[in-house]
Structure formats: structure tokens, C-alpha cells
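Secondary and tertiary structure notes
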Amino acid sequence: PFLAAGQALQPVNLAARGYVENEFAVAGDAGIHEWAGAAAQAQTAAAPYTTRILVRQPQAAARFSGRVIVELLDGSPGYDSAPLWGLSWEYFTRHGDAWVGVTVRSAAIAALRRFDGVRYGSMSLGVARSGACSSAAAPDGESGLAWDVIAQVGALLRSSSKENPLLILNPQRIIAAGYGQSGGYLLTYANVVHGVQRLGDGAPIYDGFLSAASFGAAPINPCAAELPANDARRALLPRDVPFVDVLTESDALSAVQRDDSDAVDDVFRRYEIAGAARAGLSGASQPATADLAIAGVQPPAEGTCREPRSNFPAALAFNAIWQQYEDLLLQKTPMNHEPRLAIESGAMSRDEVGNARGGWRLPAIDVPLAAYRGSSTPRSDDPRSRLLCSATGSAQSMAAPALKARYGSRAEYLRRFNAAVDEAQKHRRLVAEDAAAVKLQAQRTVPAF
């Protein structure tokens, strides 16, 4: 399959972790939703669609945690990528979660067809439009079908149908998740479709949502009028399952503000990760360069941005968020309230090293060896370079004299770093396995100064 775990830019050996991967075509009928009131929606007549899902699950049912992460694959680059898998695959496979990636973008399907016209030739998320909107929504450009696709895939994974690829696992908790533009899809889905598309007994299809690095709510369909700037549907409306919104430094300045909530019908958390950037994620989230070439996609050129690309360990925060989510659903333990990133006069407030103040803080920020930013400087002043570098993280390592002045010695740095790791684990900002791993990595890699 395109985006197979073992064929990714950074391959993941699923078999070594007791996991298997399969790909399935999913076909059905989906309607195009329209706004009809404050948060309601109407539907046109159904149109046929065919898309695909990638399923990664424990080979032994006894290892299954009971949780399924349904990631809406990010098609914003013009092909499928899996940012959340790339960030947390080690945690998912360690925890025993199943992961399902769903293609929801027509541009991604076009890339799939170019990659393998036989395998993916029948796939389509398109519907013909007529009139003034036809140029904006080509037959393969109807994002309005995505909402029913998301609902139907979730319902399939909960069903007793022999076509359910997870039937033998009997999923107990299903979370819909998305990164970037797909995160915006989830906001729209939660606002308009979640309360209407339900299981036969009226229960929700998804037990919760996690949106990350979102650009904001996605349009309900390509032809719908843009919502006014102050429209409540641009932000998250109350719903009967938890919604977690995770932002990086690249996203925080433009995010619609909303307070955390523990109300029964409106559980909401926002986490803003200091030092993290939207782009430049793990190679496990990306197809191999050779596969992109076959699909007719040109990856971003190296050296587009001036500063060194960041190696900030944002995955550590995401792993802890997934664990807190699990504790919430299983044990009713509330998720943490964390401070937001500090914004002053429309810009990120930074400390003397250059790291952001506030936010979800990892030991790499509290006991730094470098200054991390959620953006970098483009070498060329063209729109594509500006857009790419605005979301590509950068890192500026501290020189040895600065480290010496700050910490005195390598031994003192490690003492303070390990104490920060213990504090982060105590307050659930790190899971235990990651805490042990980062201590060992620091011991092995931090040079003397």
C-alpha cells in the first residue's frame, strides 16, 4: 500500500512489535452536507464513494488495549501522510492500540491512482456539480462527502459485520484524530455531524476526538458560503464526548481561543506545546521518496529554510496526552489543565535562551541545550517557501561557553535535566517509558562542556 509502515521514509518494522498491517477498500454512499441553522445541517441525495483504510493492529488479540485511533490521513500536501502515527507509533504499539488511517481527501486519491492505477483506480470521493460552483468542486474535489465517510468508517469498526477488519478485537474505545487540515475536519465533524450521525441505540460513533496543529474548522463543502468571522461554528461547540485540541508554536498565534471545560456535555482541553512545530515531523509519517516520485509528487527541496531543522521531541508530549486520554475514558481521571503559550503584542514571549514561555513544557525546554522555534526563515521570498518555513521548526544549539555559564558542568546539567524529567513524569507530562528513555539518551549523547 501507499504509506505502508515498512515502506515509509522512516520504515517501521511492525512484525518486530507483534503488529500486522492490512489495507481495505471502503465503499458506500455519502451525502453533501449544507449549513441549515446555527449548528444543524441538511443533506443532498447520496452519492457513491470508494476510499481506503490502512489498518495496523496487534497480531495477538490478547495484546489489544481496547482502543482504536482512527486517523484522518493528512492530504494537504497532495498525498496521504500520517502525522499522528509518525509521532506516536512507538507508544501505540507499546500500549497495544489499533490504528486505522482513512483517506478523506480527493487530492490524496488522485496521488493514489498515479501511484498504482490498478490497485486504486476505482477510488473516488467526487461528485459532479453544476452551475457557478462546478469549477470550484471538480468531480474529484468534493470534500463534502468526507463527513459521512468518517461516520461510516467509525460505525463499521464498531459493528458485528464480518466486513469489520477489527471484528476479532471487539473495539471498546474509538477516538477520531487528525493533524493539520484533517484536524480542522474533526472540528467541523464534531460540530455538525457527531450529534446527528449516531449508532442504532443513539450512542456516539466516536468516544472522543483529538485535533492537532489545526488550521481551524474546515468548510462543510467547497461551495458553501464562508462562515462569518464571529460565527460560533468556527469554534468548537458543546458535545457529549471529550475533544482535545493540541497546538504547536506554528499554530498558537492564529488559533481561535477557547477555555478548557469539564462540563459533562462539553469536556475540552487545549494543549499548546512549547518548542514544537507543525511541519518537519518523523519520517514514519511520510511515504518513501521513491513512492512520492511514482505518485507524481515533488517533496519539498532540502535547504528551503535557513536555520537547522528542529529535532524537538514533540512526540513525548503527544504520548503523554494519549495516555491521559486513556485514563479519562477508562478511569474518569480528568486530563491535566496546562497553561497556554504566552503571547505578548501578537508575538510569542520568549525567555533569555529564546524558548517560548508557558505552554506544555518538556524537559528540553525547562533545561535547554538549544532554542526551539515553531518557524524558520525562508531562503527565497516566494509564497511556497514562506508557507513551508512558517511551519518548519528550527533549533539553535547553545554554544559551549553559554552551557558552561548556565550549568557549570555536564554533571550538573544531567542532574537538573533528570530532575526535570522526574517532575514531568510526576505531573503526567511524560509517560514512564519515555522518561526512562530520555534520561538514558541524555546520558549517552550530551557532551562535556
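This is a predicted model, so every value here is computed, not measured.

The rules behind each value
- Residue indices begin from 1 for each chain and proceed along its sequence in written order.
- Reporting of local features is limited, given that this is a predicted model, to residues whose pLDDT is at least 70; pairs of side-chain atoms are given and counted only at 80 or more, and all residues count toward the totals for whole chains, interfaces and linings.
- Only hydrogens and water are removed before side-chain values are computed, so all heavy atoms of the structure are retained for them.
- Strands here are runs of E lasting at least two residues and helices are runs of H or I lasting at least four, both read from the DSSP assignment and numbered beginning at the N terminus.
- Multiplying 1.5 Å by the residue count of a helix minus one yields the expected span of that helix.
- A 1.4 Å probe rolled over the protein chains alone gives each residue an accessible area, and that area as a share of the maximum for its type sets the label: buried under 20%, exposed over 50%, partly exposed in between.
- In this context, the arc is that of the directions from the helix axis out to the C-beta atoms.
- By definition in these notes, contact holds between two residues if any of their heavy atoms fall within 4.5 Å.
- Polar contacts, as counted here, are pairs of nitrogen or oxygen atoms within 3.5 Å of one another; within protein the pair requires one atom able to donate a hydrogen and one able to accept it, and residues that are adjacent in sequence qualify only if both atoms are side-chain atoms.
- Salt bridge, as used here: a side-chain nitrogen of Lys or Arg that lies within 4 Å of a carboxyl oxygen of Asp or Glu.
- Should DSSP find at least two bridges between two strands, the strands are regarded as paired.
- As a rule, the C-alpha atoms of each element are fitted with a line to give its axis, helices using only the stretch in contact, and angles between N-to-C directions run from 0 to 180 degrees.
- Residue-level confidence of the predictor, termed pLDDT, takes values from 0 up to 100.
- An angle counts as roughly parallel when it lies under 35 degrees, as roughly antiparallel when it exceeds 145, as roughly perpendicular when it falls between 65 and 115, and as oblique in every other case.
- Following the grouping adopted for this structure description, the nonpolar residues are Ala, Val, Leu, Ile, Met, Phe, Trp, Tyr, Cys and Pro, the charged ones are Asp, Glu, Lys and Arg, and the polar ones are all others, Gly among them.
- Centres within 6.5 Å make a pair out of two Phe, Tyr or Trp rings, where for Trp the six-membered ring is used; the pair is then stacked when the planes are under 30 degrees apart, edge-to-face when over 60, and tilted otherwise.
- Working rule: Lys NZ or Arg CZ, within 6 Å of ring centre, within 35 degrees of ring normal, means a charge sits over the ring.

Two residues of an α-helix separated by three or four positions point the same way, owing to the 3.6 residues in each turn. Between its first and last C-alpha atoms helix α13 (residues 432-445) spans 20 Å; for 14 residues at 1.5 Å apiece the expected length is 20 Å, and the two agree. Every buried residue of α13 is accounted for by Asp 434, Ala 435, Val 438 and Ala 442. Down the axis of α13, the sector holding all buried residues measures 105°, keeping them to one side. Taken together, the buried residues of α13 touch α1 (83-95), α8 (314-331) and α12 (410-426).

Glancing now at α8. Between its first and last C-alpha atoms α8 spans 26 Å; for 18 residues at 1.5 Å apiece the expected length is 26 Å, and the two agree. For α8, a buried count of 14 out of 18 residues is recorded, marking the element as mostly surrounded by other parts of the structure. Note on α8: the residue one or two positions beyond its end, Lys 332, has a positive phi of about 60°.

The next subject is the side chain of Ser 376. For Ser 376, the position within the fold is in the loop between β14 (370-373) and α10 (383-391). Of the residues examined, Ser 376 reaches a relative accessible area of 11% and is grouped as buried. A polar side-chain atom of Ser 376 sits 3.2 Å from the main-chain carbonyl oxygen of Thr 392. Sequence-distant contacts of Ser 376, that is, excluding residues within four places in its chain, are made with Cys 305, Glu 307, Cys 389, Thr 392 and Ser 394.

So, about the pattern of salt bridges. Under the criterion given, the structure shown has 27 salt bridges. With a shortest N-O distance of 2.8 Å, Arg 173 and Glu 326 are connected by a salt bridge. Remark: Glu 326 occurs in helix α8 and Arg 173 occurs in strand β7 (residues 173-179); sequence separation between them is 153 residues. Arg 269 is the salt-bridge partner of Asp 262, the closest N and O atoms lying 2.7 Å from each other. Connected through salt bridges with shared partners, the residues Glu 23, Arg 52, Asp 80 and Arg 119 form a single ionic network.

Let's shift gears to the sheet that holds strand β1 (residues 19-30). Each strand in a sheet pairs with another by means of backbone hydrogen bonds, the pair being arranged parallel or else antiparallel. The strand order across the open sheet built from nine strands is β1-β4-β6-β5-β7-β8-β9-β11-β10, with neighbouring strands paired in mixed fashion. With one partner strand each, in any of the chains shown, β1 and β10 (261-263) form the two edges of the open sheet. The sheet shows a mean angle of 20° between the axes of neighbouring strands, direction not considered. Here strand β4 (residues 47-58) runs beside strand β6 (residues 98-102); their pairing, made up of four bridges, is antiparallel. Its bridge partner lying in β6, Leu 54 is registered against Gly 101.

Okay, the confidence of the model for the chain next. When pLDDT is averaged along the chain, the result is 92; 96% of the residues meet or exceed 70. Throughout residues 135-140 the model reports pLDDT below 50, and contacts reaching past four residues in sequence, or to other chains, amount to 14 contacts.

This part covers the packing of helix α4 (residues 146-158) against helix α5 (residues 181-192). Contact geometry of α4 with α5 gives a least axis separation of 10 Å together with a crossing angle of 80°. With respect to α5, the element α4 is oriented roughly perpendicular. Across from Ala 146, Trp 147, Ile 150 and Ala 151 in α4, the residues of α5 making contact are Tyr 185, Thr 188 and Tyr 189. Counted by class, the contact of α4 with α5 contains six nonpolar, one polar and no charged residues.

This part covers the packing of aromatic side chains. Enumeration according to the criterion identifies 15 aromatic pairs in this entry. Taking 5.2 Å as the distance between ring centres and 45° as the angle between the ring planes, the aromatic pair formed by Trp 147 and Tyr 185 counts as tilted. Of this pair, Trp 147 sits in helix α4 while Tyr 185 sits in helix α5, and the two are 38 residues apart along the sequence. Note on Tyr 185: relative accessible area 5%, which makes it buried. Where Phe 209 meets Phe 243, the ring centres are 5.8 Å apart and the plane angle is 35°; that geometry is what we call tilted. Residue Phe 209 is found in strand β8 (residues 208-212), and its partner Phe 243 is found in strand β9 (residues 243-248); the two are separated by 34 residues along the sequence. For the pair Phe 209 and Phe 243, a shared accessibility class is recorded, and that class is buried. The side chain of Arg 233 reaches across the aromatic face of Trp 35, ending 4.3 Å from its centre. It is Arg 258 that lies over the ring of Phe 268; its NZ or CZ is 4.6 Å from the centre.

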